[in-house]
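Chain residues, written in single-letter form:
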Amino acid sequence: MRELDLAIAGDFLVMAAQLIELKSRMLLPRDPLAEEEELIDPRIELVNRLLEHEKFKAAAQMLWSRATVEQAVFARAEIETDKNNPEVAVGLFGLLTVFQKILARHKEEVLMEIEREEVTMAEMIERLRNMVRSAGELNLVTFFGRAQTRRELVVAFLSVLELVRMSEISLFQRETFGAITARAVGAA
């Protein structure tokens, strides 16, 4: 019983019995004393069932093809509007995009370096902390724009990442694709 599907076997036996009954009605002579209702052709019921089966089969095929098409389509996730969400969280890729834009600006400027004054990571972190504390909020484009060399720009970028990692600052945007702003954690 576990290996055989008894429901399918039962349906098959019912259909076979109905077909045998239909065939026997067709082969046997009709009763002349039978009423008019019984003289209706028994094949009509079979034809109606077959037509109904075809309708269901076509509907199942249509639903299957629609499901296949819908599985191949990926809808864009819903984006929170700027009106409902005054601050949009900033991810690493947004921060990296701003950094690349600033880096491209520095690439265009041709400066002659005579003296090299290197800024350490600790100094840059402290500078960023002080700027965020004093201003409350700091636009990162402004912060990166103060870097004079590529090395200083890289150190500034790493200092932002470090302060975010240490949860001292948080990054946000006031609108989607807007300027990235740094704020001290705990300041609202």
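It should be noted that the structure appears before, not after, this text.
Here goes a summary of the coordinates provided. Given the structure is predicted, the values throughout are model-derived calculations rather than measurements. (Residues numbered from 1 in each chain as written. Predicted model: local features only at pLDDT ≥ 70, side-chain atom pairs only at ≥ 80, totals over all residues. Heavy atoms only, no water.)

1. So, the overall build of the protein chain
In terms of helices and strands, the protein chain carries six helices and four strands. Taken from the N to the C terminus, the helices and strands of the protein chain come in the order α-α-β-α-α-β-α-α-β-β. Counting only residues that meet the buried cut, the protein chain has 21% of its 188 residues in that class. Look at the contacts in the protein chain between residues 6 or more apart in sequence, and 64% of them connect residues 24 or more apart. Summed over all atoms, the accessible surface of the protein chain reaches about 15,300 Å², with 59% contributed by carbon and sulfur. (Helix = DSSP H or I, 4+ residues; strand = E, 2+ residues; numbered from the N terminus. Buried < 20%, exposed > 50% of the residue type's maximum accessible area, 1.4 Å probe, protein only. Contact = heavy atoms within 4.5 Å. Areas by Shrake-Rupley, 256 points an atom, 1.4 Å probe, with all protein chains shown as cover.)

2. Section: the packing of helix α1 (residues 6–27) against helix α2 (residues 43–72)
Axis separation between α1 and α2 bottoms out at 10 Å; the angle between their running directions is 145 degrees. Contacts from Met15, Gln18, Leu19, Leu22 and Met26 of α1 reach α2 at Arg43, Leu46 and Arg49. Residues belonging to the contact of α1 with α2 are distributed by class as follows: five nonpolar, one polar and two charged. (Axes fitted to C-alpha atoms, helices over the stretch in contact; angles between N-to-C directions. Nonpolar A, V, L, I, M, F, W, Y, C, P; charged D, E, K, R; others polar.)

3. Considering the pattern of salt bridges
The tally for this structure, following the rule as stated, stands at seven salt bridges. Its salt-bridge partner being Glu137, residue Arg174 comes within 2.3 Å of it at the nearest N-O pair. Remark: Glu137 occurs in strand β2 (residues 137–139) and Arg174 occurs in the loop between β3 (169–173) and β4 (180–184); sequence separation between them is 37 residues. Take Arg174: its relative accessible area is 46%, and that puts it in the partly exposed class. For Glu137, a relative accessible area of 28% translates into the label partly exposed. Sharing partners across several salt bridges, the network here consists of Glu126, Arg129 and Glu168. (Salt bridge = Lys/Arg side-chain N within 4 Å of Asp/Glu carboxyl O.)

4. What to know about the packing of aromatic side chains
Scanning the model with the defined rule gives two aromatic pairs in all. Taking 5.8 Å as the distance between ring centres and 50 degrees as the angle between the ring planes, the aromatic pair formed by Phe143 and Phe144 counts as tilted. On the basis of relative accessible area, Phe144 is assigned to the buried category, the value being 0%. With centroids separated by 6.2 Å and ring planes inclined at 45 degrees, the aromatic side chains of Phe144 and Phe157 adopt a geometry described as tilted. Within this pair, whereas Phe144 is found in helix α5 (residues 140–145), its partner Phe157 is found in helix α6 (residues 150–165), the two being separated by 13 residues in sequence. Its relative accessible area of 8% is what places Phe157 among the buried residues. Each member of the aromatic cluster is reached from another via a ring pair, and the members are Phe143, Phe144 and Phe157. (Phe/Tyr/Trp six-rings, centres within 6.5 Å; stacked < 30°, edge-to-face > 60°.)

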